[in-house]
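Results of the structural survey
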Amino acid sequence: QVQVVESGGGLVQAGDSLRLSCTASSRTFSRYAMGWFRQAPGKEREFVAAISWSGASTNYAHSAKGRFTISRENAENTVSLRMNSLQPEDTAVYYCAADPWGPNDLTDSNKYGYWGQGTQVTVSS
């Protein structure tokens, strides 16, 4: 069983930056595509960003393009999400997920096999 753990959430002001981190307890982490999703109160979980197993390919939701950057360090079993220019509408629980099967449509949450417990990001205006 792969354990996925997020960290780095918190309370920030509009315009601030935040870096989320995610680690996965798997010796085959480098074979997994990884993704970030978020869920705001009363809304469905939505795709934020994804990165291929090698890091060579990334994909972003329209709302994240130009502000968020996903990256990974396979030697440390870590994937990060750097978020700049945060806005109140970015407030949500952010989830990290691993796709051990690939290649898949990484914007589809159903394609991921392992999920973290989530980390809260709150952006005040």
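Preceding this section is the structure that the text describes.
Let me sum up the structure you'll find in this document. All values reported here derive from a predicted model rather than from experimental measurement. (Residues numbered from 1 in each chain as written. Predicted model: local features only at pLDDT ≥ 70, side-chain atom pairs only at ≥ 80, totals over all residues. Heavy atoms only, no water.)

With that settled, consider the state of the cysteines. Tallying each qualifying case throughout the model produces one disulfide. The disulfide partner of Cys-22 is Cys-96, and the S-S distance across this bridge is 2.1 Å. Looking along the S-S bond of the Cys-22-Cys-96 disulfide, the torsion reads about -80°, which is the left-handed sense. Placement of the pair is Cys-22 in strand S3 (residues 18-24) and Cys-96 in strand S9 (residues 92-99), with a sequence separation of 74 residues. Each member of the pair Cys-22 and Cys-96 is classed as buried. (Disulfide = S-S within 2.5 Å. Helix = DSSP H or I, 4+ residues; strand = E, 2+ residues; numbered from the N terminus. Buried < 20%, exposed > 50% of the residue type's maximum accessible area, 1.4 Å probe, protein only.)

Turning our eyes to something else, we now look at the nonpolar core. Core analysis: the biggest nonpolar cluster contains 29 residues, and Met-34, Trp-36, Leu-81, Met-83 and Tyr-94 have the highest contact counts within it. Of all the secondary-structure elements, those providing two or more residues to this core are S3, strand S4 (33-39), strand S5 (46-51), strand S7 (68-73), strand S8 (78-83), S9 and strand S11 (119-124). Ignoring sequence-local partners within four residues, the contact set of Met-83 consists of Asp-16, Ser-17, Leu-18, Leu-20, Arg-67, Phe-68, Tyr-94 and Val-121. Ala-33, Ala-97, Leu-106 and Tyr-112 belong to the second largest nonpolar core, which has eight residues in total. (Core = buried A, V, L, I, M, F, W, Y, C linked by side-chain atoms within 4.5 Å. Contact = heavy atoms within 4.5 Å.)

This next bit is on the sheet that holds S8. Spatial ordering of the open sheet is given by S1-S3-S8-S7, a layout of four strands whose pairing is antiparallel. Each edge of the sheet is formed by a strand with only one pairing partner; in this case those strands are strand S1 (4-7) and S7. In this sheet, adjacent strand axes meet at a mean angle of 15° when their direction is disregarded. Here six bridges tie S7 to S8, and the two strands are oriented antiparallel to one another. Within the sheet, the bridge partner assigned to Ser-71 lies in S8 and is Ser-80. (Pairing = 2+ DSSP bridges. Axes fitted to C-alpha atoms, helices over the stretch in contact; angles between N-to-C directions.)

Moving on: unusual backbone geometry. If you check the backbone angles, Asn-77 has positive phi at about 55° while not being a glycine. Locating Asn-77 in the fold gives a position in the loop between S7 and S8. For Ser-85, which is not a glycine, the phi torsion comes out positive at approximately 50°. Within the fold, Ser-85 resides in the loop between S8 and S9.

Topologically, Thr-119 is positioned in strand S11. A residue is classified by how much of its surface remains accessible, and Thr-119, at 12% relative accessible area, is buried. Here the side chain of Thr-119 touches Gly-9 through a polar contact of 3.2 Å, landing on its backbone nitrogen. Apart from the residues lying within four places of it in its own chain, the contact partners of Thr-119 are Glu-6, Ser-7, Gly-8, Gly-9, Leu-20, Ala-92, Val-93 and Tyr-94. (Polar contact = N/O pair within 3.5 Å; in protein donor to acceptor, adjacent residues only side chain to side chain.)

Structurally, Trp-36 can be placed in strand S4. When its relative accessible area of 0% is taken as the criterion, Trp-36 is described as buried. Trp-36 sits 58 residues away from Tyr-94 along the chain, and the two C-alpha atoms are 6.8 Å apart.

It is worth stressing that arrangement in space is one thing and function is another; only the former is reported here.
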